[in-house]
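Residue-level listing of the chains:
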Amino acid sequence: MLTQLCRYITSAKSRGGSTSSGGNATVVLDAITNTLSVTGDSASNLILIDLRDGWASISGVGKTKINGSTSSLTVTFDPEGFLLILDGRAGTDDLWVNVNAVETACGLMINGGDGGDRIAVSTPNGPSRLAGLDVAAGAGDDLTSVAVNGVLAIEGPLNVSAG
């Protein structure tokens, strides 16, 4: 996983991506709807989410901040019926989600927004499950990748749109 991330960051730097400019992503957990929203701003953001059963670690890479801080943020949640929404908004964003050995199927929605975005979903640590996967790259020159190292069972809808 670290090797993949290093290549990913190097690629972002070489194309003027988010590691050089950075922005701020806002993280909000709605306990009533069991939805975790991670929302970028109009600047270029590089956001890394490590998703596991019952918790997620959200990190800003380079100059990207999470809720105004340079520290990672760990959020716990009920894995039953959980939905993660990642919205990069405007800017040249790099949005990376590692689905790590998730046994309780949850939903994942990613929106790149305007700008030339790179969106990646990977399973670096073995079999994982998603209730559904919806990726909308948005307007701009985007690159979207779903890299499965092992097994990723998508038990509901799978939608990928290039914008």
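Residues numbered from 1 in each chain as written. Predicted model: local features only at pLDDT ≥ 70, side-chain atom pairs only at ≥ 80, totals over all residues. Heavy atoms only, no water.

Considering the overall build of the chain
A tally of helices and strands in the chain yields 2 helices and 14 strands. Put simply, the chain has 163 residues, and 48% of those count as buried. Look at the contacts in the chain between residues 6 or more apart in sequence, and 67% of them connect residues 24 or more apart. On the chain, roughly 7,100 Å² of surface is accessible, and the fraction owed to carbon and sulfur atoms is 54%. (Helix = DSSP H or I, 4+ residues; strand = E, 2+ residues; numbered from the N terminus. Buried < 20%, exposed > 50% of the residue type's maximum accessible area, 1.4 Å probe, protein only. Contact = heavy atoms within 4.5 Å. Areas by Shrake-Rupley, 256 points an atom, 1.4 Å probe, with all protein chains shown as cover.)

Quick word on unusual backbone geometry
Even without being a glycine, Asn34 presents a positive backbone phi close to 55 degrees. Considering the arrangement of structural elements, one finds Asn34 in the loop between strand S1 (24-30) and strand S2 (35-39). Even without being glycine, Arg89 reaches a positive phi, approximately 60 degrees. Position of Arg89 among the secondary structure elements: in the loop between strand S7 (83-87) and strand S8 (94-99).

Brief notes about the confidence of the model for the chain
Per-chain confidence: the chain averages 85 in pLDDT, with 85% of residues scoring 70 or above. Note that residues 12-19 has pLDDT below 50 and, in this model, 23 contacts with residues that lie over four places away or in other chains. (pLDDT = per-residue confidence, 0-100.)

Topic: the environment of Met109
Within the fold, Met109 resides in strand S9 (residues 106-111). Residue classification places Met109 among the partly exposed residues on the basis of a relative accessible area of 35%. Note: C-alpha distance between Met109 and Val160 (51 residues apart in sequence) is 9.9 Å. Residues within four places of Met109 in sequence aside, it is in contact with Leu83, Leu84, Ile85, Leu86 and Asp134.

Examining the pairing of S9
Here S7 pairs with S9 via 5 bridges, running parallel. The residue bridging Leu86 from the neighbouring strand is Ile110, located in S9. Examined bridge by bridge, S9 and strand S11 (residues 128-136) share 6 bridges and lie parallel to one another. Considered in S11, the bridge of Cys106 is made with Leu130. (Pairing = 2+ DSSP bridges.)

Thoughts on the nonpolar core
Leu36, Val38, Ile49, Ile58, Leu84, Leu108 and Ile110 are the most contacted members of the largest nonpolar core, which totals 29 residues. The next biggest cluster of nonpolar side chains, apart from the first, holds 5 residues, and it includes Leu46, Leu48, Val61 and Trp96. (Core = buried A, V, L, I, M, F, W, Y, C linked by side-chain atoms within 4.5 Å.)

Observations regarding the environment of Thr33
As for its position among the elements, Thr33 is in the loop between S1 and S2. Residue Thr33 is classed as partly exposed on the basis of its relative accessible area of 46%. Sequence separation of Thr33 and Leu83 is 50 residues, and the distance between their C-alpha atoms is 8.5 Å. At 3.1 Å, the side chain of Thr33 forms a polar contact with the side chain of Thr35. (Polar contact = N/O pair within 3.5 Å; in protein donor to acceptor, adjacent residues only side chain to side chain.)

Notes on the side chain of Ser122
Turning to its location among the elements, Ser122 is positioned in strand S10 (residues 118-123). Within the structure, Ser122 has its side chain in polar contact with the side chain of Asn98 (distance 2.5 Å).

Examining the packing of aromatic side chains
By the definition in use, this model includes 1 aromatic pair. Consider the rings of Phe77 and Phe82, whose centres lie 3.6 Å apart with planes at 10 degrees: the pair is stacked. Phe82 matches Phe77 in its accessibility class, with the two residues each being buried. (Phe/Tyr/Trp six-rings, centres within 6.5 Å; stacked < 30°, edge-to-face > 60°.)

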